[in-house]
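Descriptive structure summary
For reference, the chains in residue letters:
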Amino acid sequence: IPAHTLNTILFFSDKGKVYAEKAYQIPDADRAGRGIPIVSVLNLDSGETITAAVAIPQFDQEHYCIMATRYGRIKRIALRDFASVRPSGLIAISLDETDELGWVRLTNGNQEVILVTERGQALRFSERQVRSMGRVAAGVTGIKLGAKDYLASMEVVEPGGELLVVTAKGYGKRTPLEDYPVKGRATGGVKS
């Protein structure tokens, strides 16, 4: 994660909590170093793992955090809601017992998001279809999942970018993002 020394790093856990730490508080290590366990830096609950991290230069900008869960829920929250995070963390999204927070990305409020499932479905839609919510909200349906399907990835669409899809058996393919049509939120998407 590219970050400057004075940036705040927001760490998001699988349980839907957010933790914050200044970049300079994270110990330096050389290229070949192992680093230190994240539990030495953050006050994580037992059984909690970090699934996403975002570097924040300033909280006064009009930016949003887009979050997606394994069961296809999506939530958009104003970045300023994370300006003062307690050392014990804050609830970033309310989750069902079986769901997990998996992906968090920064957006400027006018971008598009693409969700890709384990069964190869991809859904591209505008982030404006997801209203901004409070911290404890559970979010809305991002993509309609088929039987035994789960979300595999979420990314913010870059103009002129490509989507690299890699299968469990190691096959990969790159597709221009313009080949994915913009659809409505909470639909099944297209075959990737």
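As shown above, the structure is provided for reference.
Anyway, here's the lowdown on the structure attached to this text. (Residues numbered from 1 in each chain as written. Predicted model: local features only at pLDDT ≥ 70, side-chain atom pairs only at ≥ 80, totals over all residues. Heavy atoms only, no water.)

Observations concerning unusual backbone geometry
Heads up, the condition is: Starting at the N terminus, helices and strands are each numbered in turn, a helix being any DSSP run of H or I of at least four residues and a strand any DSSP run of E of at least two. A 1.4 Å probe rolled over the protein chains alone gives each residue an accessible area, and that area as a share of the maximum for its type sets the label: buried under 20%, exposed over 50%, partly exposed in between.
Phi at Lys 148 is positive, roughly 55°, even though this residue is not glycine. Examined against the element boundaries, Lys 148 turns out to sit in the loop between strand E10 (140–141) and strand E11 (151–156). Its identity as a non-glycine residue notwithstanding, Ala 186 has a phi of 70°, on the positive side. Among the secondary structure elements, Ala 186 is positioned in the loop between strand E13 (172–176) and strand E14 (190–191). The class for Ala 186 is partly exposed, based on a relative accessible area of 24%.

What about the nonpolar core?
We count it as follows: The definition of a nonpolar core used throughout is a set of buried Ala, Val, Leu, Ile, Met, Phe, Trp, Tyr and Cys residues joined through side-chain atoms within 4.5 Å. Should any heavy atoms of two residues lie within 4.5 Å, those residues are counted as being in contact.
Counting residues in each nonpolar core, the largest one holds 18 residues, and the members touching the most others are Leu 10, Phe 12, Val 18, Cys 65, Met 67, Phe 82 and Val 104. Sorting the residues of this core by element identifies strand E1 (8–13), strand E3 (50–56), strand E4 (64–69) and strand E7 (101–107) as the ones contributing at least two each. Here this core takes three residues from E3, the largest share from any one element. With residues up to four places along the chain from it excluded, the contact list for Leu 10 reads Val 18, Tyr 19, Ala 20, Ala 52, Ala 53, Val 54, Ile 56, Phe 59, Leu 79, Phe 82 and Val 85. In terms of nonpolar packing, the next biggest core, distinct from the first, is built from 13 residues, Ala 68, Ile 74, Met 133 and Leu 151 among them.

A short note on the environment of Val 182
When you line up the elements, Val 182 lands in the loop between E13 and E14. With 48 residues separating them along the chain, Val 182 and Gly 134 place their C-alpha atoms 26 Å apart. Dropping the residues within four chain positions of it, Val 182 is found in contact with Glu 112, Arg 124, Phe 125 and Ser 126.

Regarding the layout of surface pockets
We apply this condition: Here a cavity is any set of points on a 1 Å grid over the protein atoms alone where a 1.4 Å probe fits but cannot get out, and a pocket is any open set with protein on both sides within 12 Å along at least 5 of 7 lines; a residue lines the site when it has an atom within 4 Å of a point. Grid points are joined across faces, edges and corners, and a volume is the space filled by probe spheres set on the points. Throughout this entry, Asp, Glu, Lys and Arg are counted as charged residues, while Ala, Val, Leu, Ile, Met, Phe, Trp, Tyr, Cys and Pro are counted as nonpolar. The remaining residues, Gly among them, count as polar.
For the largest pocket, the calculated volume is near 380 Å³. In terms of lining, the largest pocket is formed by 21 residues, of which the most central are Val 116, Thr 117, Val 165, Val 166 and Thr 167. When residues of the lining of the largest pocket are traced back to their parent elements, those giving at least two are strand E8 (112–117), E11, strand E12 (162–166) and E13. The class makeup of the residues in the lining of the largest pocket is ten nonpolar, six polar and five charged. Considered as a void within the structure, the second largest pocket measures approximately 200 Å³ in volume.

Points about the sheet that holds strand E2 (residues 17–22)
Definition in use: Here the rule is simple: two strands pair whenever DSSP picks up at least two bridges between them.
What the four strands build is an open sheet, ordered E3-E1-E2-E6; its pairing is antiparallel. Of all the strands in the sheet, just E3 and strand E6 (90–91) have a single pairing partner and so form its edges. Two elements, E2 and E6, share two bridges in a ladder whose sense is antiparallel. Within the sheet, the bridge partner assigned to Val 18 lies in E6 and is Leu 90.

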